[in-house]
Amino acid sequence: MPSYTAPVRDVLFLLDEVLDFQSHAELPGFGEATPDLIEAILGEAAKFCEEALTPLNAVGDREGCTRSDDASVTTPKGFREAYATYRDNGWIALSMPEAYGGQGLPTTLNTIIQEFISGANLAWGMYPGLSQGAAAALAVHGSEEQKKLYLSKLAEGVWSGTMNLTEPHCGTDLGLIKSKAVPNGDGSYAITGQKIFISAGEHDFTDNIVHLVLARIEGAPEGTKGISLFVVPKFLPDENGEVGARNGVSCGALEEKMGIHGNATCVMNYDGATGWLVGEENRGLNAMFVMMNEARLAVGVQGLSQSEVAYQNAVAYARDRLQGRALSGPKNPDGPADPIIVHPDVRRTLMSIRAFNEAARALILWTALRSDISHRSPDKKAAQAADDHMGLMTPVIKGVFTDVGFDNTVAAQQMFGGHGYIEEWGMSQFVRDARITMIYEGANGIQALDLVGRKLPRDGGRAIMTFFNEVGTFLQENAEDADLAPLLGPLKTGADDLQKATMWFMNNALAKPDNAGAGSSDYMHLFGTVALGFMWARMARAARAALASGTGETEFYETKLTLARHFMERHMPETGLRLARISAGSDTVMGLDAAAF
C-alpha cells in the first residue's frame, strides 16, 4: 500500500526562515499563531492525515460512492468516520471567522493542512474543502441573516457546502446558464434546472448540505450580466435554524469518473427548490468568484499534493528495487544488482520532481500569506498589493501546478516500470486522481487566457510590474553574494525572458488577439518557471544563512542548495524555449481551415 508523510519540516522552514511568518503578528489571528502552536497544529494534522486518511485512499478508489433509489449517497467505508473525527477536532473552523464559531487563525495554516489532506486522500479532502469555499463566499457576500444561519453550521462542520455552476450545455461559458429562479413573493425564489459535475453534491457526512447555485432570475439580461447566486439548502432550516423539511433538490446520478472515486460527483436536479439570493441581483458571478478563486488555489495545492505523494513512493521504490549496476561501478557488491536509485536518469527524474515540489510549496505559502494580508491588513496599500499578487498568481498556481503535478505523477509511476501499471502498487491512482486537477475549476487553457487577457493588463499592468520589481530588487540586494551567483544568473535570464514575452504581447496582441491566445499557455508556464526560480533563490539564501550560523541540520540545508542548483541548471533554461514559442505568433496555429484537421 502506498504511504504518505506530511512535509512538516519543510513547511516550518518556509514559514520561519523564508517567509518570516511571525513578522505579521500584528494582523488579526496571527498573534495567536505562535511558533509552538503552529508546530503543534501541523504535527496533529500530519498525524491525522498519515494515520486516518492515507489508509482510506485506496479504499475510496476501489469502492467509490453508491447512490440509492431515494437519491441518497453512501461514501466509501471509513470516510464518514474520518470526517466525524476531523469535525470534532475543530479542523474545519481553523481559519473561519470567530464571530461565527471559527478560530480565526491565518488562512495560511489552512492552506498547509489542505496540502497534507490532499496528499493523504485527495477525494476525501474535497468534502471539507468545498465547505470552506462556500463559507468564504457567504462571509463576503451573504446577508447578516445568512451569515448567522449558515456560517456557524459550516464552521461547526454539521452542515457542508458545495458550488453549482456547470450545466450539461455549458462549462466555462457561464453566460449560457439556463437554470432559472422565480420569485416566490416572500423574499425566496423557486430554483429549477440541472447542474452536473457537482463535487460532494450528496453524501452521508453531514445533517445538511448548503448548495450555492448560479441561476437566472426571470427577465434578467442574457449572458453573464444576468446571473445571480442563490443559497439552496438540502433541508430547509426551521425557525430555530435546525434541519427542517426536505427541499426540492436531489442527486439524479453519480458521475462515473477516471479518478477521485471516493468523492461523490453528482448530477443535481433542482425542481422548484427554495433558495435565497446571495449578494446583489444579476451579480452572481461577482459573488461566486470569491469561491472560485479559493477553489482554484486549492486545486493548485492538489496538483502539488499528488506530485508530492507520488514522489515519496517513487523514492521508496527506487531505494529498494534492484536492477542493473551503477555506471561508475557496483554500489551493492554483495547483492545481485544495485538499487535503481544509483542510475543517473532515475535521479534526474526524482530530483526534478522534488525541485518542483519544494518550490511550488514555497510559492503557494507565499501566496496564501498574501491572501491573509489582503483580507486582514488595515494598511490599504499593503492590502491592495497583496490582492494584486493573488489575482496574478491564481491562474499560474492553478494551471502550472496541476499541469506539472500530473506530469510528475506519470514520471513517478514510470519509476516502478511494469509494477506502476498494476493497481496494487497504487501509483495509477495518483495519475488518475491528478488528471482532474487540470480540468475542474477552469480548465488550464482558460487559466492561461485569464492570465494573459485579464490579469496582465489589469490596472495598467500594476501587478506584473510589482512582481518584476520584487525579483529585480532581490537580484540587486544579493548581487555581491558570490555563493548565490550560480543561482542569480539563471534567475535574471529567466526574468528577462518573461519581460520580453510580456512586451511581445503588448506589441503584438492588441492588433491580433490570436497571438495572445496562441502563446498564453507558454506564457503561463514561463511565468511559473520564473516564479518557482525566485522561490528557490529565496530558499537558497535562507539555507546559506542557516549554514553560516552553525546549524545542527547541515544535511537539510545543503540539500536545499543542491536542489536550487538543479532547478536553475535543468529547469530555468526552459524560459528561452517558451519565449521562442510565444514570439512565433499565431500564423501556423490558426493557418489551417477547420475542415483540414
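Residues numbered from 1 in each chain as written. Predicted model: local features only at pLDDT ≥ 70, side-chain atom pairs only at ≥ 80, totals over all residues. Heavy atoms only, no water.

Participant: What am I meant to see in the overall build of the protein chain here?
Facilitator: From N to C terminus, the protein chain includes 15 helices and 11 strands. Radius of gyration (C-alpha) of the protein chain: 24 Å, near the 25 Å computed for a compact globule of 597 residues. C-alpha atoms of the protein chain, sized along the principal axes, occupy 80 × 60 × 60 Å. Counting over 597 residues, the protein chain shows a buried share of 57%. Taking the contacts inside the protein chain whose residues are at least 6 apart along the sequence as the reference set, 73% of them involve residues at least 24 apart. (Helix = DSSP H or I, 4+ residues; strand = E, 2+ residues; numbered from the N terminus. Rg over C-alpha atoms; globule rule 2.2 N^0.38 Å. Buried < 20%, exposed > 50% of the residue type's maximum accessible area, 1.4 Å probe, protein only. Contact = heavy atoms within 4.5 Å.)

Participant: Would you take a moment to explain helix α13 (residues 514-548) for this structure?
Facilitator: Three- or four-residue spacings in an α-helix give side chains the same orientation, since the helix completes a turn every 3.6 residues. With 35 residues, α13 extends 51 Å between its outermost C-alpha atoms, agreeing within 8% with the 51 Å of an ideal straight helix rising 1.5 Å per residue. Its axis deflected by about 50° at Ser 520, α13 carries its strongest bend there. The buried fraction of α13 is high, at 26 of 35 residues. Once α13 ends, the next one or two residues include Gly 550, with phi positive near 85°. (Expected span 1.5 Å × (residues − 1). Bend = angle between axes of the 7 residues up to and from the residue.)

Participant: Even after reading the chapter, I still don't get unusual backbone geometry, so can you show me in this structure?
Facilitator: The phi angle of most residues is negative, glycine excepted, and most peptide bonds adopt the trans form. Positive phi, close to 75°, is recorded for Ala 71, a residue that is not glycine. Considering the arrangement of structural elements, one finds Ala 71 in the loop between β1 (66-67) and β2 (73-74). Backbone geometry places Phe 197, a non-glycine residue, at a positive phi of 60°. Among the secondary structure elements, Phe 197 is positioned in strand β5 (residues 189-199).

Participant: Explanation requested: the pairing of β5 in the structure shown.
Facilitator: A regular strand carries its side chains on alternate faces of the sheet. Direction of pairing for strand β4 (residues 180-183) relative to β5: antiparallel, over a ladder of four bridges. Note on β5: the bridge partner recorded for Ala 181 is Ile 191. Here β4 folds back onto β5, and the loop between the two strands holds five residues, one of which, Gly 185, carries a positive phi near 90°. (Pairing = 2+ DSSP bridges.)

Participant: What's the story with the pattern of salt bridges in this structure? I'm lost.
Facilitator: If charged atoms from side chains of opposite charge come close, those side chains can pair. Going through the model one piece at a time under the given rule, you end up with 31 salt bridges. Here Arg 361 makes a salt bridge to Glu 308, at a shortest N to O gap of 3.1 Å. Remark: Glu 308 occurs in helix α6 (residues 284-320) and Arg 361 occurs in helix α7 (residues 344-376); sequence separation between them is 53 residues. Residues Arg 361 and Glu 308 agree in their burial class; the two are buried. In this structure, Asp 450 engages Lys 455 in a salt bridge whose closest nitrogen and oxygen atoms are separated by 3.0 Å. Given a relative accessible area of 10%, Asp 450 falls into the buried group. For Lys 455, a relative accessible area of 14% translates into the label buried. Residues joined in a network through salt bridges with shared partners are Asp 10, Glu 115, Glu 308, Arg 354, Glu 358, Arg 361 and Lys 560. (Salt bridge = Lys/Arg side-chain N within 4 Å of Asp/Glu carboxyl O.)

Participant: What is the right way to look at the environment of Phe 401 in this model?
Facilitator: As for its position among the elements, Phe 401 is in helix α8 (residues 380-414). Counting along the chain gives 107 residues from Phe 401 to Asn 508, while the straight-line C-alpha distance between them is 28 Å. Look past the residues within four positions of Phe 401 in its chain and what remains in contact with it is Gly 300, Gly 303, Leu 304, Phe 356, Ala 360, Leu 363, Ile 364, Val 396 and Leu 532.

Participant: Got a minute to help me understand the nonpolar core in this structure?
Facilitator: Core analysis: the largest hydrophobic core is formed by 178 residues, its most contacted members being Phe 116, Trp 124, Leu 212, Phe 467, Tyr 523 and Phe 527. Considering every element that reaches this core, the biggest residue donor is α13, with 17 residues. When sequence neighbours within four positions are dropped, the list of residues in contact with Tyr 523 reads Leu 451, Val 452, Leu 456, Ile 464, Leu 498, Ala 501, Thr 502, Phe 505 and Ile 582. (Core = buried A, V, L, I, M, F, W, Y, C linked by side-chain atoms within 4.5 Å.)

Participant: Please clarify how the side chain of Glu 115 should be interpreted in this entry.
Facilitator: Counting through the fold element by element, Glu 115 comes out in helix α4 (residues 107-141). The class for Glu 115 is buried, based on a relative accessible area of 4%. Discounting chain neighbours no more than four positions away, the residues touching Glu 115 are Tyr 4, Pro 7, Val 301, Leu 304, Ser 305, Glu 308 and Arg 361.

Participant: What is the right way to read a negative patch on the surface from this model?
Facilitator: Negative charge collects at one region of the surface, where Asp 16, Asp 20, Asp 36 and Glu 39 lie side by side. Structurally, Asp 36 can be placed in helix α2 (residues 35-63). Relative accessible area serves as the criterion here: at 63%, Asp 36 is assigned to the exposed category. (Patch = residues over 30% accessible without salt bridge, like charges linked within 9 Å, V, L, I, M, F, W, Y side chains within 5 Å. Areas by Shrake-Rupley, 256 points an atom, 1.4 Å probe, with all protein chains shown as cover. Lys, Arg positive; Asp, Glu negative; His and termini not counted. Charge placed at Lys NZ, Arg CZ, Asp CG, Glu CD.)

Participant: Is there a simple way to explain the packing of helix α10 (residues 444-455) against α13 in this structure?
Facilitator: Relative orientation and spacing of two packed helices are given, respectively, by the angle between their axes and the distance between those axes. The interhelical angle for the contact between α10 and α13, taken along N-to-C directions, is 90°, at an axis separation of 8 Å. In terms of orientation, α10 and α13 fall into the roughly perpendicular class. Judged by residue contacts, Asn 444, Gln 447, Ala 448, Leu 449, Leu 451 and Val 452 of α10 engage Ala 516, Gly 517, Ser 520, Ser 521, Tyr 523, Met 524 and Phe 527 from α13. Of the residues belonging to the contact of α10 with α13, the class tally is eight nonpolar, five polar and no charged. (Axes fitted to C-alpha atoms, helices over the stretch in contact; angles between N-to-C directions. Parallel < 35°, antiparallel > 145°, perpendicular 65-115°, else oblique. Nonpolar A, V, L, I, M, F, W, Y, C, P; charged D, E, K, R; others polar.)

Participant: What am I meant to see in the packing of aromatic side chains here?
Facilitator: For the structure on display, the rule yields 23 aromatic pairs. When the centroid spacing of 5.0 Å and the interplanar angle of 90° are considered together, the rings of Phe 556 and Tyr 557 count as edge-to-face. Comparing Phe 556 with Tyr 557, the two get one shared label, buried. The structure contains a cluster of three or more aromatic residues connected by ring pairs, namely Trp 366, Phe 467, Phe 468, Phe 474, Trp 504, Phe 505, Tyr 523, Phe 527 and Phe 534. A cation sits over an aromatic face here: Lys 153 above Trp 159, 5.5 Å from the ring centre. (Phe/Tyr/Trp six-rings, centres within 6.5 Å; stacked < 30°, edge-to-face > 60°. Lys NZ or Arg CZ within 6 Å of the ring centre and 35° of its normal.)

Participant: Quick question: what am I supposed to make of the packing of α8 against helix α11 (residues 462-477) here?
Facilitator: Close contact between α8 and α11 brings their axes to 9 Å; oriented N to C, the two are set at 95°. Judged by the angle between their axes, α8 and α11 are roughly perpendicular. The residues of α11 that touch α8, namely those facing Gln 384, Asp 388, Leu 392 and Met 393, are Arg 462, Ala 463, Ile 464 and Phe 467. Here the residues of the contact of α8 with α11 are counted per class, giving five nonpolar, one polar and two charged.

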